[in-house]
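Coordinate analysis (summary)
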Amino acid sequence: MDIRVGDEFLTQAAAAARTHLPACRPVAPTIGLGAALFVGGSLHWSNDSWRAVMGPAPPGIAHQTMLQKRRFVVSADATGRAVFAAIAPRRLAASWPGFAHAPSTPNAIAALCFTPSRVADFPELAARAYALSPQQRATLAALLASSDLDEAAAQLGLTLAGLRRRMRALFEATGSSRLAVLIANMTRIVADECVSDWARAEGLREALDLTAGEARVAVRLFEGASIPDIAGDLGLSAHTVRDQARAVLGKCGLSRLRDLCLFGAEALALIALAVSDEILHDDREDLLAATRISASGARRIAFTDYGPLDARPVLLFHGGLGTRRVGLALREALQARGFRPIGFDRPGFGLTDMASSRDPFHAGAEDGEHLVRTLGLDRLDILAIDGGAAPALEFAARSACRLNSIMLISPRPPRPARSGARLVDQFVRACVDQPALIVGAYRFLRRRGGVALSEMLVRSLIGEHPLDRPLIEDERFRHAMIAELLTCGARTAAGLEAEQTHYPDWRIPSLPPGPRYVLVLGGKDPLWGESNAGEFCPWSQLPALERARFAAAGRFIITTHASEIAALLDRPVQTPSLSAP
């Protein structure tokens with residue numbers, strides 16, 4: 001399909017998202033991907049993850065010698081546990097991750113599995129993400145390495161009663177009801193931003209040959225829901241749900257409902273990877289290692305804490321198409337000034353669950369307050385980028401007594417003015433007048449656009465700026481930026497849709513004096529520069545507002561002027577205005 005970048009792009013993209021079959025284009029997970037090649041029924045090549053988990057001749061895979069198309073099979077690992085795998089002729093697996101160093105054997109059968117919970121690093125990853133104690137980490141490692149509770153207890157030198165007490169503490173620390181749910185939740189930390197909502201619906205149904213009803217029940221079972229809960233949520237009888245659950249078990253090659261939770265978390269990610277014709281390989285500046293999870297009731301809030309722990313905390317509110325990742329340049333500049341950068345996914349972005357509140361900006365502020373309490377922060381600073389201005393100011397209205405300063409960096413105005421650039425003005429106009437178009441265009445990017453179209457759009461919108469252009473052409477920066485764009489709403493676009501819909505009518509709340517309020521602008525920002533610099537700048541009503549305008553800066557001001565921003569945040573006194581080159 002040919003999509004022009006021009007006046008009709010947004011309309012075309014929104015229509016395409018509704019009328020064209022989706023083709024998930026994910027970002028590959030960085031751990032747990034097993035890849036192998038089989039020739040004549042024998043293992044020809046495999047990567048480290050495959051060798052660590054799978055045997056040399058896994059059932060359902062090794063005997064495939066005349067395969068002509070992609071298939072999904074239920075196989076088994078070296079210990080006999082079920083593994084969902086994708087297999088295909090080598091030529092049809094060209095885009096699969098894990099094969100970068102594989103030999104180009106033309107008659108080989110490629111096999112791909114995703115089993116992060118079965119690799120050695122998994123307990124350490126869980127310990128970091130959930131801030132587990134050494135005892136809790138050891139308990140988890142023993143449970144993962146054992147075939148039953150008796151074996152785990154013996155490994156830890158405990159009685160069964162002692163092991164169960166430790167398990168209860170582990171489940172309480174992770175907000176999990178049982179071990180399978182904990183492992184599945186950890187698998188989702190690795191994979192959820194790689195798995196679009198399409199993979200949960202159409203892809204799952206196709207891969208396992210499920211009916212529509214079975215697919216709905218399967219997704220809920222994969223989430224760890226009970227049969228009575230599923231029946232109530234879907235308006236079905238428990239008998240009907242139980243019958244559909246039996247059918248799902250049979251098609252997954254399993255015999256116990258409790259095994260579906262982990263199996264499903266792995267299967268959904270694998271489907272997304274195996275059906276994609278384009279996969280981006282980028283670790284988003286080692287984002288997984290910095291990711292932490294905090295439970296707020298039944299909701300999961302994802303955040304990053306880059307440390308050091310004894311430094312001055314600064315909480316970042318990401319932009320309208322961002323996540324908890326704090327870019328490397330800004331992160332290092334803040335740390336050099338004695339700050340501790342902390343980012344978080346707002347409701348419906350990245351790994352954070354949607355909130356029940358109808359106001360997305362209030363919900364984002366509440367999640368910020370939750371993290372401040374969880375981390376025990378008495379005083380902090382705020383950085384808000386682009387569309388993060390609204391929830392950041394709602395946070396300031398609630399927690400001004402905790403704030404040293406709040407800095408808005410190239411904030412998106414609720415009703416921006418025109419810039420004079422045709423494509424930019426079309427985008428800006430749609431943001432205000434037709435938010436559904438922006439939502440539709442983003443759905444198109446998630447499902448059909450992928451990496452190439454995302455790069456083309458970025459170049460068209462902001463690629464002409466002399467400071468921004470070299471960054472866009474830098475492969476590492478560009479891949480991290482596109483990965484951010486594709487993953488901020490991969491699991492669900494609900495957060496973006498809610499903020500996009502509410503933003504045109506949002507108004508700045510009443511804010512008390514006390515904290516420093518600082519507005520940082522790029523003099524060459526192609527999106528919001530004109531709106532924020534004019535006499536009707538919507539941020540002028542902030543108390544004792546300080547302004548900093550970096551005349552040469554464009555859209556990527558937080559990268560090109562990271563050191564200047566960190567220095568400005570570190571200023572101890574207010575000044576009426578500031579101008580910088």
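Above this text is the structure in question.
Residue numbering note: each chain is counted from 1, following its sequence as written. Side-chain atom pairs in this predicted model are given and counted only at pLDDT of 80 or more, local residue features only at pLDDT of at least 70, and totals for whole chains, interfaces and linings cover all residues. To obtain the side-chain values, all non-hydrogen atoms of the structure were included, while hydrogens and water were left out.

Attention now moves to the packing of helix 5 (residues 149-156) against helix 6 (residues 160-174). Angle between the axes and distance between the axes: these two values describe a pair of packed helices. Running from N to C, helix 5 and helix 6 point in directions that differ by 90°, and their axes come no closer than 9 Å. Regarding the angle of helix 5 to helix 6, the classification is roughly perpendicular. Only L160, L163, R164, R166 and M167 of helix 6 make contact with helix 5, whose side of the interface consists of L149, D150, A152, A153 and L156. When residues are sorted by character, Ala, Val, Leu, Ile, Met, Phe, Trp, Tyr, Cys and Pro go into the nonpolar class, Asp, Glu, Lys and Arg into the charged class, and all the rest, Gly among them, into the polar class. A breakdown of the residues in the contact of helix 5 with helix 6 according to their chemical character gives 7 nonpolar, no polar and 3 charged. Fitted lines through C-alpha atoms give the axes, limited to the stretch in contact for helices. The angle between two N-to-C directions lies from 0 to 180 degrees. Each helix is a run of DSSP H or I of at least 4 residues and each strand a run of E of at least 2, with the numbering of both proceeding from the N terminus. Oblique is the label for any angle not covered by the other classes, which are roughly parallel (under 35 degrees), roughly antiparallel (over 145) and roughly perpendicular (65 to 115). The criterion used for residue contact is that any of the two residues' heavy atoms lie within 4.5 Å.

Note that T115 resides in the loop between strand 5 (109-114) and helix 3 (122-130). Relative accessibility decides the category of a residue: with a 1.4 Å probe and only protein chains considered, values under 20% of the type maximum give buried, values over 50% give exposed, and everything between is partly exposed. Assessed through its relative accessible area of 1%, T115 is described here as buried. Setting aside chain neighbours within four positions, we find T115 in contact with G32, V53, V83 and E266.

Along helix 14 (residues 328-336), the residues that are buried comprise L330, R331, A333 and L334. Projection of helix 14 onto a plane perpendicular to its axis shows the buried side chains occupying an angular sector of 170°, all on one side. Buried residues in helix 14 make contact with strand 8 (312-317), strand 9 (339-344), strand 10 (380-385), helix 23 (557-560) and helix 24 (562-569). Of the residues one or two after helix 14, G338 is the one with positive phi, at around 90°. In this description, one arc is meant: the one made by directions from the helix axis to the C-beta atoms.

Let's shift gears to the pattern of salt bridges. Throughout this description, the term salt bridge denotes a Lys or Arg side-chain nitrogen within 4 Å of a carboxyl oxygen of Asp or Glu. By the definition in use, this model includes 25 salt bridges. Between D48 and R51 there is a salt bridge, with the nearest N and O atoms lying 2.2 Å from each other. You can see D48 and its partner R51 sitting in helix 2 (residues 48-53), 3 residues apart, about one turn around the helix. Residues R324 and D345 are paired through a salt bridge, measuring 2.7 Å at the closest nitrogen-oxygen approach. Remark: D345 occurs in the loop between strand 9 and helix 15 (360-375) and R324 occurs in the loop between strand 8 and helix 14; sequence separation between them is 21 residues. Here R324 matches D345 in class, with each residue buried. Taken together, the shared-partner salt bridges connect D77, R81, R118 and E266 into one network.

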